[in-house]
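A closer look at the structure
This is what each chain is made of:
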Amino acid sequence: MLPSDDSPQRLYLELLKGCLTRLLFPDCCVNTQLAPTGQFDPEARRNGQDWPYEAETMIGMKRLDNVEHCVRDVLRRNVPGDLVEAGVWRGGASILMRGVLKAYGDTSRSVWVVDSFEGLPRANPDLCPEDAEDRLADFNNYLGVPLERVQANFERYNLLDEQVRFLKGWFRDTLPSAPIGRIAVLRLDGDMYESTMDSFTNLYDKVQVGGYIIVDDYGALANCRSAVHDFRNRRGILDPIQSIDWTGAFWQRTE
Ligand SMILES: C[S@@+](CC[C@H](N)C(=O)[O-])C[C@H]1O[C@@H](n2cnc3c(N)ncnc32)[C@H](O)[C@@H]1O
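A brief report on the enclosed structure follows. (Residues numbered from 1 in each chain as written. Predicted model: local features only at pLDDT ≥ 70, side-chain atom pairs only at ≥ 80, totals over all residues.)

1. Here we look at the overall build of the protein
Looking only at helices and strands, the protein features 9 helices and 9 strands. Against the globule reference of 18 Å for 255 residues, the protein gives a C-alpha radius of gyration of 17 Å, in line with a compact fold. By its C-alpha atoms, the protein is 50 × 45 × 35 Å across when sized along the principal axes. Expressed as a percentage of the 255 residues in the protein, the buried residues total 45%. Considering only residue pairs separated by 6 or more positions, the protein has 72% of its internal contacts joining residues 24 or more positions apart. (Helix = DSSP H or I, 4+ residues; strand = E, 2+ residues; numbered from the N terminus. Rg over C-alpha atoms; globule rule 2.2 N^0.38 Å. Buried ≥ 20, exposed ≤ 12 C-beta atoms within 10 Å, placed from the backbone. Contact = placed C-beta atoms within 7 Å.)

2. Thoughts on unusual backbone geometry
For Asn78, which is not glycine, the phi dihedral falls at a positive 55 degrees. Position of Asn78 among the secondary structure elements: in the loop between helix H3 (60-76) and strand E3 (82-86). The exposure class assigned to Asn78 is exposed, which follows from the 8 C-beta atoms found within 10 Å. Positive phi, close to 70 degrees, is recorded for Asp191, a residue that is not glycine. Structurally, the position occupied by Asp191 is in the loop between strand E6 (183-188) and helix H8 (193-203). By the C-beta count within 10 Å, which is 21 here, Asp191 ends up buried.

3. Structural notes on the site of the ligand
Neighbouring the ligand are 23 residues; Gly87, Trp89, Ser116, Gly190 and Ser195 lie closest to it. When residues of the shell around the ligand are traced back to their parent elements, those giving at least two are helix H4 (92-103) and H8. The residue makeup of the shell around the ligand, split by class, is 11 nonpolar, 8 polar and 4 charged. (Near = placed C-beta within 6 Å. Nonpolar A, V, L, I, M, F, W, Y, C, P; charged D, E, K, R; others polar.)

4. Considering the nonpolar core
Generally speaking, nonpolar side chains in soluble globular proteins are found buried as a group. The biggest cluster of nonpolar side chains holds 66 residues, and the ones touching the most others in it are Val84, Leu96, Met97, Val185 and Val215. In terms of residue count, the dominant contributor to this core is H4 (7 residues). Ignoring anything within four residues of it in the chain, the contact list for Val185 reads Cys70, Val71, Val74, Leu83, Gly211 and Tyr212. (Core = buried A, V, L, I, M, F, W, Y, C linked by C-beta atoms within 7 Å.)

5. Here we look at the sheet that holds strand E8 (residues 242-243)
The strand order across the open sheet built from 7 strands is E5-E4-E3-E6-E7-E9-E8, with neighbouring strands paired in mixed fashion. Unpaired on one side and paired on the other, strand E5 (164-168) and E8 mark the two borders of the sheet. In this structure, strand E7 (residues 207-215) lies alongside strand E9 (residues 249-252), joined through 4 bridges in antiparallel fashion. Each bridged residue has a counterpart across the sheet, and for Ile213 the counterpart in E9 is Trp251. Lying on the sheet, H8 is in contact with E3, E6 and E7; it crosses E6 at an angle near 170 degrees. (Pairing = 2+ DSSP bridges. Axes fitted to C-alpha atoms, helices over the stretch in contact; angles between N-to-C directions.)

6. A look at H3
Relative to the 24 Å expected for 17 residues at 1.5 Å per residue, H3 spans 24 Å between its end C-alpha atoms, a close match to the ideal helical length. Buried within H3 we find Gly60, Met61, Arg63, Leu64, Asn66, Val67, Glu68, Cys70, Val71 and Val74. Where H3 ends, the next residue or the one after it, Asn78, has phi of about 55 degrees, a positive value. (Expected span 1.5 Å × (residues − 1).)

7. A few points about helix H1 (residues 8-21)
With 14 residues, H1 ought to run about 20 Å at 1.5 Å a step, and its terminal C-alpha atoms sit 20 Å apart, in line with that. Buried within H1 we find Leu13, Leu16, Lys17, Leu20 and Thr21. Projected onto a plane normal to the axis of H1, the buried residues spread over an arc of 115 degrees and lie on a single side. Away from the buried face of H1 by more than 90 degrees, exposed residues Pro8 and Leu15 are located. Those residues of H1 that are buried lie in contact with helix H2 (42-46), H3 and H4. Immediately downstream of H1, the backbone of Arg22 shows phi near 65 degrees, a positive value. (Arc of directions from axis to C-beta.)

8. Re the packing of H1 against H3
In contact at an axis separation of 11 Å, H1 and H3 are set at 140 degrees when each is read in the N-to-C sense. In terms of orientation, H1 lies oblique with respect to H3. Relative to H3, H1 is oriented so that their crossing is right-handed. From H1, Leu13, Lys17, Leu20 and Thr21 reach across to H3, where they touch Gly60, Met61, Leu64 and Glu68. (Parallel < 35°, antiparallel > 145°, perpendicular 65-115°, else oblique. Left-handed = near helix turned anticlockwise from the far one by under 90°.)

Just geometry here; none of it tells us what the structure is for.
Below, the structure is given as structure tokens:
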């Protein structure tokens, strides 16, 4: 939990997170192994362990708190660069990024909203054997959210403006030539080995010293975790990985 204070900024951001998760006005959820009943369970929603029906994010409160913490911290320390989420679904975590910029009056940074807007790629075991068992693309009816709907979600919170930039397409196609400059916070939520590795390969070097790298699926998905370890080993990255909750992890770039 972030420290509580009663400043208008903090009150706004708490309300925003309560709306984005629907913890404030419950919906229901899709039947999955993690949430077999389909009923709204506040604990599951808080922990980001269900697939919501209406909420704009599935990552739960601790991972939203972490997004807020990282963005506020780079603002406080003047770490230069934009905020990027690769893998946005309905846009909730990216909406929060824009909300933090708005709350603290930053008009210079962009939030990059990067997704196929049609779900995950089919696993390609020839290219990425680590993804051989990955079946998430079977759920693209649910996991693929059209760009227009994500934009409408930003609009719903009055947070759609020129500081929000959308990059549509498969990471492997869009990221190598993405017009993204310096990055202060990079959030990876593409679930798969391929998606995580493509994001690292093309974006990691843009993350500024003092900035943050957040990986949503580090604990839950072995293929995502392998990509993190492979990339860190290849690049000799020793910055300590900190746990956020049962799946999310992050580190601060120090060199
Ligand atoms: C679990 S969802 C993201 C959840 C979201 N961050 C939230 O706040 O709820 C994964 C997203 O990653 C996208 N994605 C995964 N791999 C991708 C790839 N290689 N290229 C483009 N989009 C990808 C999917 O379309 C989907 O929107």
